[in-house]
Amino acid sequence: MNVSPIYRSRLQVVTLLILATLLTACGINNIPTLDEQAKAAWGQVQNQYQRRADLIPNLVETVKGYAKHEEATLTAVVEARAKATSIQVDASTLDNPEKLKQYQQAQDQLSGALSRLMVVSERYPDLKANQNFLALQSQLEGTENRIAVARRDFILAVQKYNTEIRTFPGRLWHSVMYSDLPIRETFEATTPGAEKAPEVKF
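Residues numbered from 1 in each chain as written. Predicted model: local features only at pLDDT ≥ 70, side-chain atom pairs only at ≥ 80, totals over all residues. Heavy atoms only, no water.

Details of the pattern of salt bridges
Going by this rule: The term salt bridge refers to a side-chain nitrogen of Lys or Arg lying within 4 Å of a carboxyl oxygen of Asp or Glu. A helix here means a DSSP run of H or I that spans at least four residues, while a strand means a run of E at least two residues long, and both kinds are numbered starting from the N terminus. Burial classes follow relative accessibility: with a 1.4 Å probe on protein chains only, a residue under 20% of its type's maximum area counts as buried, one over 50% as exposed, and anything between as partly exposed.
A complete count under the given rule lists 8 salt bridges for this structure. As a salt-bridge pair, aspartate 35 and arginine 184 come within 2.4 Å of each other at their nearest N and O atoms. Here aspartate 35 is found in helix α2 (residues 30-66), whereas its partner arginine 184 is found in the segment after α7 (170-176), with 149 residues between them in sequence. For the pair aspartate 35 and arginine 184, one class covers both residues: buried. Across the pair arginine 152 and aspartate 153 runs a salt bridge whose closest N-O atoms are separated by 2.9 Å. Given a relative accessible area of 34%, aspartate 153 falls into the partly exposed group. Residues participating in the shared-partner salt-bridge network are Asp35, Glu36, Lys39, Asp95 and Arg184.

Spelled out as structure tokens, the structure:
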């Protein structure tokens, strides 16, 4: 049977459309999509940490004006900020669990230094009444909440990605087409004793 060239080309186009539809529906793009979502979520975590780092110099200067003899606490905050911002991270950090852990430890040290600074501010009623300090404190509290949300979103994005490459059919696509994409690490508690509930005494 002789098939005309026009009919053959139409048949090839229809076949390609059917194959494209089947491949799209089978999840071949899930792994890179989820990988990009995890990277974007990590970018948001970094964005919130940067926002916090940007607020700290103004906060320190405001406290300095009222609490001149609290130099050790202020120095600890400035040094913790410098250390936290000196660790350069990007999307490739997600593939390096050790660097991710170092980054998180530096951010945790900064959180601790800021907590001590807030405790110091309790000793100075004039500072607590200062509008600039109150605005900065409010912004910092809001940023800490945003950091918690961004970290949660990152953890969920990594969970989806890791689940996709470890379950069928994603596991199949991972081994065939995306074997260069590793399982991602997520946040772990790096503060000593973080797994224990704090003692509250009144």
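Continuing now.
Comments concerning the packing of aromatic side chains
Test applied: Pairing of aromatic rings covers Phe, Tyr and the six-membered ring of Trp, with a centre-to-centre limit of 6.5 Å; geometry is then stacked below 30 degrees between planes, edge-to-face above 60, and tilted otherwise.
On inspection of all chains with the given rule, the structure shows 3 aromatic pairs. Their ring planes at 65 degrees and their centres at 5.5 Å tell us that tryptophan 42 and tyrosine 103 sit as a pair that is edge-to-face. Taken as a pair, tryptophan 42 in helix α2 and tyrosine 103 in helix α4 (residues 97-121) lie far apart in primary sequence, 61 residues in all. What makes tryptophan 42 buried here is its relative accessible area of 1%.

Description of the nonpolar core
Convention followed: What makes a nonpolar core is a set of buried Ala, Val, Leu, Ile, Met, Phe, Trp, Tyr and Cys residues whose side-chain atoms join them at distances within 4.5 Å. Two residues qualify as a contact provided that any one of their heavy atoms is within 4.5 Å of a heavy atom in the partner residue.
Counting 38 residues, the largest nonpolar core has Trp42, Leu59, Leu114 and Phe154 as its most contacted members. For this core, the secondary structure elements donating two or more residues are α2, α3 (71-86), α4 and α6 (131-166). Apart from residues no more than four positions distant in its own chain, phenylalanine 154 is found in contact with Ala38, Ala41, Trp42, Val45, Leu94, Glu185, Thr186 and Phe187. The next biggest cluster of nonpolar side chains, apart from the first, holds 8 residues, and it includes Tyr161, Ile165, Tyr178 and Leu181.

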